[in-house]
Amino acid sequence: MKKSLKWTALSVLVMVALPWLAVTFVKSDAGMAVCFLLFFAVDPIFSVIVGAHAGNDAKARWFWPLLPAGFFLVGTWMFFDPGESAFLLYAFLYLLLSAAAMLISAWRQRRAGR
């Protein structure tokens, strides 16, 4: 339970707070560069990390890959353009990355246990 709360809080921090910080404190073209950095580097890497940790106990943590994708949508729709369909594609890709990392991690855990 504590680990789930920790990863939920981290997901909120990375997927909601960082876009808010980018919109609030970084202006003009630099803000666009920060958003590209978030969308193409920070968010996908974080999604893979969450998925890899979820794979350590995939039966109990199956929902963890949903956290980054869901909070990404919340954060981007709150601070950028509500309802923008392009953000659905990003969220889906983050979900795929996280789920793939979870499956690979679970497979490696299972293989190491044999």
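The preceding data block contains the structure.
Residues numbered from 1 in each chain as written. Predicted model: local features only at pLDDT ≥ 70, side-chain atom pairs only at ≥ 80, totals over all residues. Heavy atoms only, no water.

Participant: Explain the layout of surface pockets here, please?
Facilitator: Gaps left between atoms are located by rolling a probe of water-molecule size over the structure's atoms. Reported here for the largest pocket is a volume of approximately 170 Å³. Lining the largest pocket are Ala22, Val23, Val26, Gly31, Met32, Cys35, Phe36, Phe39, Phe40, Phe80 and Tyr90. Those elements that place two or more of their residues in the lining of the largest pocket are helix H1 (2–25) and helix H2 (28–54). At 6 residues, H2 tops the list of elements feeding residues into the lining of the largest pocket. Classifying every residue of the lining of the largest pocket gives 10 nonpolar, 1 polar and no charged. (1 Å grid on protein atoms, 1.4 Å probe; cavity = no way out; pocket = protein on both sides within 12 Å on 5 of 7 lines; lining within 4 Å. Points joined across faces, edges and corners; volume = space filled by probe spheres on them. Helix = DSSP H or I, 4+ residues; strand = E, 2+ residues; numbered from the N terminus. Nonpolar A, V, L, I, M, F, W, Y, C, P; charged D, E, K, R; others polar.)

Participant: Help me understand the nonpolar core in this model?
Facilitator: One recurring pattern in soluble globular proteins is that nonpolar side chains are buried together. The biggest cluster of nonpolar side chains holds 19 residues, and the ones touching the most others in it are Phe39, Phe46, Trp64 and Phe72. Taken together, the elements giving at least two residues each to this core come down to H1, H2, helix H3 (66–79) and helix H4 (85–113). Of the residues forming this core, the biggest block, 6 residues, is contributed by H2. Those residues in contact with tryptophan 64, other than ones at most four positions away along the chain, are Lys3, Ser4, Trp7, Val50, His53 and Ala54. (Core = buried A, V, L, I, M, F, W, Y, C linked by side-chain atoms within 4.5 Å. Buried < 20%, exposed > 50% of the residue type's maximum accessible area, 1.4 Å probe, protein only. Contact = heavy atoms within 4.5 Å.)

Participant: Even after reading the chapter, I still don't get H4, so can you show me in this structure?
Facilitator: Owing to its 3.6 residues per turn, the α-helix aligns residues three or four sequence positions apart on the same side. The terminal C-alpha atoms of H4, which comprises 29 residues, lie 42 Å apart, in line with the 42 Å expected from a rise of 1.5 Å per residue. All of the buried residues in H4 are Phe87, Ala91, Tyr94, Ser98, Ala101, Met102 and Ser105. Taken together, the buried residues of H4 touch H2 and H3. (Expected span 1.5 Å × (residues − 1).)

Participant: How do you make sense of the packing of H3 against H4 when you look at a structure like this?
Facilitator: The description of two helices packed together rests on the angle between their axes and the distance between the axes. Axis separation between H3 and H4 bottoms out at 8 Å; the angle between their running directions is 160 degrees. When the interaxial angle is binned, H3 and H4 end up roughly antiparallel. At the point where H3 passes H4, the crossing takes the right-handed sense. Taken together, the residues of H4 that come into contact with H3 (itself represented by Leu66, Ala69, Phe72, Leu73, Thr76 and Trp77) are Phe87, Leu88, Tyr90, Ala91, Tyr94 and Leu95. Partitioning the contact of H3 with H4 into residue classes produces 11 nonpolar, 1 polar and no charged. (Axes fitted to C-alpha atoms, helices over the stretch in contact; angles between N-to-C directions. Parallel < 35°, antiparallel > 145°, perpendicular 65-115°, else oblique. Left-handed = near helix turned anticlockwise from the far one by under 90°.)

Participant: I'm lost on the packing of aromatic side chains in this one. Help?
Facilitator: Aromatic ring pairs are reported here in terms of the distance separating the ring centres and the angle at which the planes meet. With the rule as written, the count across this model stands at 15 aromatic pairs. For the pair phenylalanine 72 and tyrosine 94, a centre-to-centre distance of 4.9 Å together with 85 degrees between the ring planes defines the contact as edge-to-face. Here phenylalanine 72 is found in helix H3, whereas its partner tyrosine 94 is found in helix H4, with 22 residues between them in sequence. This pair shows no difference in class: phenylalanine 72 is buried, exactly as tyrosine 94 is. Ring-pair connections join several aromatic residues into one group, and the members of that group are Phe36, Phe39, Phe40, Phe72, Phe80, Phe87, Tyr90 and Tyr94. (Phe/Tyr/Trp six-rings, centres within 6.5 Å; stacked < 30°, edge-to-face > 60°.)

Participant: Would you mind going over the packing of H1 against H3 with me for this structure?
Facilitator: In contact at an axis separation of 9 Å, H1 and H3 are set at 25 degrees when each is read in the N-to-C sense. By the angle between their directions, the pair H1 and H3 is classed as roughly parallel. Between H1 and H3 the crossing geometry is right-handed. Residues Trp7, Thr8, Ser11, Val12, Met15, Val16, Pro19, Trp20 and Val23 of H1 form the contact with H3, whose participating residues are Leu67, Pro68, Phe71, Phe72, Gly75, Met78 and Phe79. Taken together, the residues of the contact of H1 with H3 sort by class into 13 nonpolar, 3 polar and no charged.

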